[in-house]
Amino acid sequence: MLRTYMQFSPRFEQRFIPDGTCAMAPQAPELLRGQRRAKVAGHVGLGGALGVILLEIHDFSLLRRLFRPEVAEAVGEALEHAARGVATARLSALPVCLVERLDAGRVLVVLGGNTAALDTLERTAAAMRLEVRGRLRPEAAHLTGQELELRCGAALVISRGVEGLDVALASALAEASRLARGEAGKGASPMLREFREILELGRVRAVYQPIVNLRAGAVFAWEALARGPAESVFASPAMLFDFAEEAGAVFALEKACREAAIRGFAPTVEGARLFCNIHPRTMLDPAFTPGETRKLLDKYGMEPKDVVLEITERHSVKDFNLFHRTLAHYRDAGYGVAVDDVGTGYSGLASIAEIKPDFMKIDMSLVRGIDANPVKRALLETLLTFAEKVGCRIVAEGIETESELVCLIRLGVHFGQGFYLGRPAQPPAIPLEDIRQAIVTGSNQAVDGLKCASPISDLAERANQIAHNAQVGEVKQFFDAAEAAHAVVVVRDGRPEGLIMSHHLDRLLSSQYGLALFLRREVTRIMDPQPLAVEWDTPVEVAAQAAMARDRDKLYDPILVTCRGKLSGIVSVQKILDALACVQVEMAKGANPLTGLPGNVAIEREISRRSAARTPTCLVYVDLDHFKVYNDVYGFQNGDKAILMTARILAEALAASGGEDDFLGHVGGDDFVLLCSCETVEAVCQAALDAFAAASPALYGPEDRQRGFIEGQSRDGREGRFDLLTISMGVIDCAFVVPVTMDELGQRAAAVKKFAKSRAGNSLVRDRRSPLGLPGGQEERRESV
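What counts and how
Along each chain, residue indices are assigned from 1 in the same order as the chain's sequence is written. With pLDDT at 70 or above as the cut-off, local features in this predicted model cover only qualifying residues; side-chain atom pairs require 80 or more to be listed or tallied, and sums for whole chains, interfaces and linings still use all residues. No hydrogens and no water enter the side-chain calculation; it runs on all heavy atoms of the structure. Only runs of H or I of at least four residues qualify as helices and only runs of E of at least two qualify as strands under DSSP, and these elements are numbered from the N terminus. Residue contacts are counted whenever heavy atoms from the two residues lie within 4.5 Å of one another. Calculation of accessible area relied on Shrake-Rupley with a 1.4 Å probe; when residues are assessed, cover is drawn exclusively from the protein chains displayed. In this analysis, strands are considered paired if DSSP registers two or more bridges between them. Between the N-to-C directions of two axes lies an angle of 0 to 180 degrees, each axis being a line fitted to C-alpha atoms and, for a helix, fitted only over the stretch in contact. Any angle that falls under 35 degrees is termed roughly parallel, while one over 145 is termed roughly antiparallel, one within 65 to 115 roughly perpendicular, and all others oblique. The handedness criterion is simple: a crossing whose near helix is rotated anticlockwise from the far helix by less than a right angle is left-handed, and one whose near helix is rotated clockwise is right-handed. In this classification, Asp, Glu, Lys and Arg are treated as charged, Ala, Val, Leu, Ile, Met, Phe, Trp, Tyr, Cys and Pro as nonpolar, and every other residue, Gly included, as polar. The seven residues ending at a residue and the seven starting there each receive a fitted axis; the angle between those axes is the bend at that residue. In the sections that follow, a salt bridge refers to a side-chain nitrogen of Lys or Arg positioned within 4 Å of a carboxyl oxygen of Asp or Glu. Each residue gets one of three labels from its accessible area relative to the maximum for its type: buried under 20%, exposed over 50%, partly exposed in between, using a 1.4 Å probe on protein chains only. Ring geometry is summarised as follows: Phe, Tyr and Trp rings, the Trp one being its six-membered ring, pair when their centres sit within 6.5 Å, and such pairs are stacked at plane angles under 30 degrees, edge-to-face over 60 and tilted between the two. Whenever a nitrogen or oxygen atom comes within 3.5 Å of another N or O atom, the pair is scored as a polar contact, on the condition that within protein one atom can donate a hydrogen and the other can accept it, and that pairs from neighbouring residues in sequence are kept only if both atoms are in side chains. As used in this record, nonpolar core signifies buried Ala, Val, Leu, Ile, Met, Phe, Trp, Tyr and Cys residues forming a set joined through side-chain atoms within 4.5 Å. The quantity called pLDDT is the predictor's confidence in a given residue, expressed from 0 to 100.

Undergrad: Sorry, what's going on with the overall build of the protein chain here?
TA: In terms of helices and strands, the protein chain carries 26 helices and 27 strands. Taking the intrachain contacts of the protein chain between residues at least 6 apart in sequence as the baseline, contacts between residues at least 24 apart amount to 70%. When the accessible surface of the protein chain is totalled, it reaches about 37800 Å², and 51% of it is carbon and sulfur.

Printed below as a string of structure tokens:
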């Protein structure tokens, strides 16, 4: 035993005690000295039981030879940090819970409790290994590019009292080391029976998190998330799937998860889709039968079109040919396909293009803090463009703040998911009404962006910060080390208290006695205590006006951006000026070059805003009759005059008879769109009809005006006589109680426009069919005017 233990830990040495026995005494035994030693001894003295758990990285000596010493040391520190985190979260209620790093690749956990509490020590060790491995995985992958194997061993400390404690600990450590290096090192056996019971007795449960349409503010789908029994170590999905992977039971677990998801979802939710996670290796399992999922759907009254298979990107797919054939089977059957964790895993954009998913779910690491991170915004904009190219839609995961949500809406993300929109629940729970209001707010800001009113948070970058009680010398050291930095924000409890500019600090310290006077003083003595700070949703132009109104010596200091009073980011004046210039260019792009009215992009956004806000609206499609002939006969210059006159007439009609929220857009050519209140639409249209009838004759020469027609060629090349210009207006009622697609609106508008143009003279037609955006079964009819 002595030889085994000496091999186990070089930090312990042989020690002989008077009765002739041999014990192990640590050379620098922090665990057995001071308060820790007293705590363990006190527990044993009261008759308490002790146990040890050893966690070690397999083949750590090989890792140390393959990588630089600092990499191996960093891995060891990550192991210790992960073990302490798990011990604190899971075991801190025990009377004794001590974590000791033996060397770079091994960590020892000493636990103390009553005998009953330590009866499950092996099971506790197995669960701890799985959870520590999960916490260690991302750091190990970052440092070494591979996943490390973690082994564990556990043993009870059999002691005759405090005097024999060292000997007993040495024996227990030797036993734990032997177990860790043997087959039991994976720690599976104590938990395997419980895992099998969960599968065989159907104890896997499902919770559901909403996926929200960020344009309509409605729940589009629900993602089913697997959970084990609430009181079990397998309650965490990470523990459940990590153990299944080790036990070779991923296929069986996923089958149980799918059945639980479909069983819990089908009776409660109508009209929404179900996102089910599926491991890509499951599709390659020899026991995999594609028809099994269809049988489950039939059993619970669902269709394949109701289900989206969500493939996680964290696992590589090696046999793409077989995988694609299986995936094609599902597509042909009507299932949707989503790729999860985009941006963090194996597949990358090339594999996504191969899979051609219907949905791409952006990992939360790219979503968190996107409102204050221009790099993340640029990445997401690129992914949105990519999604358009491959014909899929984007789901942003991990939305946890209002500012993140608003930023995503403004970027044009299709769907969102996260705690801010709704936590996982069983059964599915509809998000609160204030979520819809937040989405409406975001949509409003997206439309306002065309009016040069985008929020300042869009430009924010991460701010350099320093605590309010730091010394001036620390700030100087920071500026010396970070040459590109020019400003530091002084914060207290996350709230900005002041600003220090590098040029101001240099001027102060370079004065006579400057270093002696200020270097050891607190930063609050030299900071600007009243920097310009604005909330994250402040329009850019408002922030710019405030910046330009400052004293000359502060004119080019950056602006602090806050979210509910706490520091969110920082924006330079140069960046604001650049953004204003870009917005002006975008406004020019979005506006019709002839009339200056908002173009198609702005029209669609305004319609989406009203739909999200559930604002009943009348859409009026305006078109000039016989314009092509007039343009040919009188020339393009006079044709432009006719279009400008029409735009002026429509704008004046809205100003005279409409409301403040009414909207006028120019589709292109001689086509316009009005969006106004259903109560005032007829008055607006009639005013426009009367004004056009009075003004349009002036567009013609006296002879044509007297004859009442002109001669020319129609669009189909037919020669003939054509009436003078008239205006046709088709009115469509939109209830917007439920979302309305642009395709539905376009089809309805085309039909009403065609009917209006079929009537002679200036005409106004109001659609007689049911308003768009009403729930099914509610019918209303309109008579033509």
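Following the structure, the description resumes.
Undergrad: Looking at this structure, how should I read the sheet that holds strand β7 (residues 205–213)?
TA: As a general point, the strands of a sheet are linked pairwise by backbone hydrogen bonds and lie either parallel or antiparallel. Pairing is mixed around the closed barrel formed by 8 strands, whose spatial order is β7-β8-β9-β10-β11-β12-β13-β14. In terms of strand pairing, β7 meets strand β14 (residues 415–416) through 2 bridges, oriented antiparallel. Following the sheet pairing, Val212 is matched in β14 by Gly416.

Undergrad: Sorry if this is basic, but what is going on with the sheet that holds strand β19 (residues 559–563) here?
TA: Across the sheet, which stays open at both edges, the 3 strands sit in the order β18-β19-β20 with mixed pairing between neighbours. With one partner strand each, in any of the chains shown, β18 (533–535) and β20 (566–571) form the two edges of the open sheet. Going from strand to strand, the sheet's axes swing by 35° on average, the running direction of each strand aside.

Undergrad: Looking at this structure, how should I read the packing of helix α4 (residues 69–90) against helix α5 (residues 121–144)?
TA: Describing two packed helices takes the angle between their axes plus the distance from one axis to the other. Packing of α4 against α5 brings their axes to within 9 Å, and their N-to-C directions diverge by 150°. Taken as axis vectors, α4 and α5 run roughly antiparallel relative to one another. For the crossing formed where α4 meets α5, the hand is right-handed. Residue-level inspection shows Val71, Ala74, Val75, Ala78, Leu79, Ala82, Ala83, Gly85, Val86, Ala87, Ala89 and Arg90 of α4 in contact with α5, the latter providing Met128, Glu131, Val132, Arg135, Leu136, Glu139, Leu143 and Thr144. Tallied by class, the residues present in the contact of α4 with α5 amount to 14 nonpolar, 2 polar and 4 charged.

Undergrad: Help me understand α5, please; the structure alone is not making it clear to me.
TA: Because an α-helix packs 3.6 residues into every turn, residues spaced three or four apart end up facing the same way. The largest bend along α5 reaches roughly 40° and is located at Leu136, with the proline Pro138 sitting one to four residues downstream. Count one or two residues on from α5 and you reach Gly145, which has phi positive near 75°.

Undergrad: Just to check I follow, could you spell out the pattern of salt bridges for this structure?
TA: Opposite charge on two side chains permits them to pair, given that their charged atoms come into close proximity. For the structure on display, the rule yields 41 salt bridges. The residue Arg101 makes a salt bridge to Glu80 at a minimum N-O spacing of 3.9 Å. Highlighted residues: Arg101 in strand β4 (residues 96–103) and Glu80 in helix α4, separated in sequence by 21 residues. Note on Glu80: relative accessible area 17%, which makes it buried. In this structure, Arg135 engages Glu131 in a salt bridge whose closest nitrogen and oxygen atoms are separated by 3.9 Å. With Arg135 and Glu131 both in helix α5 and 4 residues apart, this pair spans about one turn of that helix. Several salt bridges converge on common partners, so that one network encompasses Asp623, Asp625, Asp671, Lys753 and Lys757.

Undergrad: Help me understand the packing of aromatic side chains, please; the structure alone is not making it clear to me.
TA: Between two aromatic rings, the relevant description is the distance of the centres plus the angle of the planes. Under the counting rule described, the total for this entry stands at 10 aromatic pairs. When the centroid spacing of 4.9 Å and the interplanar angle of 15° are considered together, the rings of Tyr630 and Tyr634 count as stacked. Remark: Tyr634 and Tyr630 occur in helix α23 (residues 627–657); sequence separation between them is 4 residues, near one turn of the helix. What makes Tyr634 partly exposed here is its relative accessible area of 21%. Through successive ring pairs, a cluster of aromatic residues spans Phe220, Phe275, Phe359 and Phe415.

Undergrad: Can you help me understand the side chain of Thr617 in this one?
TA: Turning to its location among the elements, Thr617 is positioned in strand β21 (residues 617–625). We classify Thr617 as buried; its relative accessible area is 1%. Polar contacts involving the side chain of Thr617 include one to the main-chain carbonyl oxygen of Thr615, which spans 2.9 Å.

Undergrad: What exactly am I supposed to notice about the packing of helix α8 (residues 237–247) against helix α9 (residues 250–265) here?
TA: Look at α8 against α9: their axes get within 8 Å of each other, and the N-to-C directions meet at 145°. Between α8 and α9, the residues in contact are Leu240, Phe241, Ala244 and Glu245 and Val250, Leu253, Glu254 and Cys257, respectively. For the contact of α8 with α9, the per-class residue count stands at 6 nonpolar, no polar and 2 charged.

Undergrad: Looking at this structure, I do not really get the environment of Arg258. What am I missing?
TA: The topology assignment puts Arg258 in helix α9. Under the relative-accessibility criterion, Arg258 is labelled buried at 5%. Separated by 35 residues in sequence, Arg258 and Thr293 place their C-alpha atoms 7.8 Å apart.

Undergrad: Please clarify how the side chain of Ser728 should be interpreted in this entry.
TA: Secondary-structure assignment places Ser728 in strand β26 (residues 726–734). On the basis of relative accessible area, Ser728 is assigned to the buried category, the value being 2%. A distance of 3.5 Å separates the side chain of Ser728 from the side chain of Ser763, its partner in a polar contact. Residues within four places of Ser728 in sequence aside, it is in contact with Tyr621, Val622, Asp623, Asp625, Ala756, Lys757 and Ser763.

Undergrad: Sorry, what's going on with the pairing of β20 here?
TA: Side-chain positions along a regular strand alternate between the two faces of the sheet. Of the pairings in the sheet, the one linking β19 to β20 comprises 5 bridges and is antiparallel in character. Across the sheet, the residue bridging to Val561 is Gly569, located in β20. Counted between consecutive antiparallel strands, the loop separating β19 from β20 contains 2 residues, among which Arg564 sits at a positive phi close to 55°.

Undergrad: Looking at this structure, how should I read the nonpolar core?
TA: Soluble globular proteins tend to bury their nonpolar side chains together. If you look at the biggest cluster of nonpolar residues, it comprises 68 residues, and the most contacted ones within it are Val204, Leu408 and Val413. Ranked by the residues each element gives to this core, the list is headed by α9, at 8 residues. With 36 residues, the next largest nonpolar core counts Cys618, Met645, Leu724 and Leu725 among its residues.

Undergrad: How should I be thinking about the environment of Val342 in this particular structure?
TA: Structurally, Val342 is set in strand β11 (residues 336–342). Since its relative accessible area comes to 3%, Val342 is described here as buried. Placed 41 residues apart in sequence, Val342 and Leu383 show a C-alpha to C-alpha distance of 9.5 Å.

Undergrad: Would you take a moment to explain the confidence of the model for the protein chain for this structure?
TA: Close inspection of predicted coordinates is inappropriate in any region flagged by low pLDDT. Per-residue pLDDT for the protein chain averages 80, and the proportion of residues at 70 or more is 83%. Segment residues 443–452: pLDDT under 50, and 29 contacts once partners within four positions in sequence are set aside and those in other chains are kept. Counted against residues more than four places away or in other chains, residues 777–785, with its pLDDT under 50, gives 20 contacts.

Undergrad: Explanation requested: the pairing of β7 in the structure shown.
TA: Along β7, 8 of the 9 residues are buried, which leaves the element largely enclosed by surrounding structure. Where β7 meets strand β8 (residues 219–227), 8 bridges bridge the pair, whose relative direction is antiparallel. Across the sheet, residue Arg205 finds its bridge partner in β8, namely Arg227.

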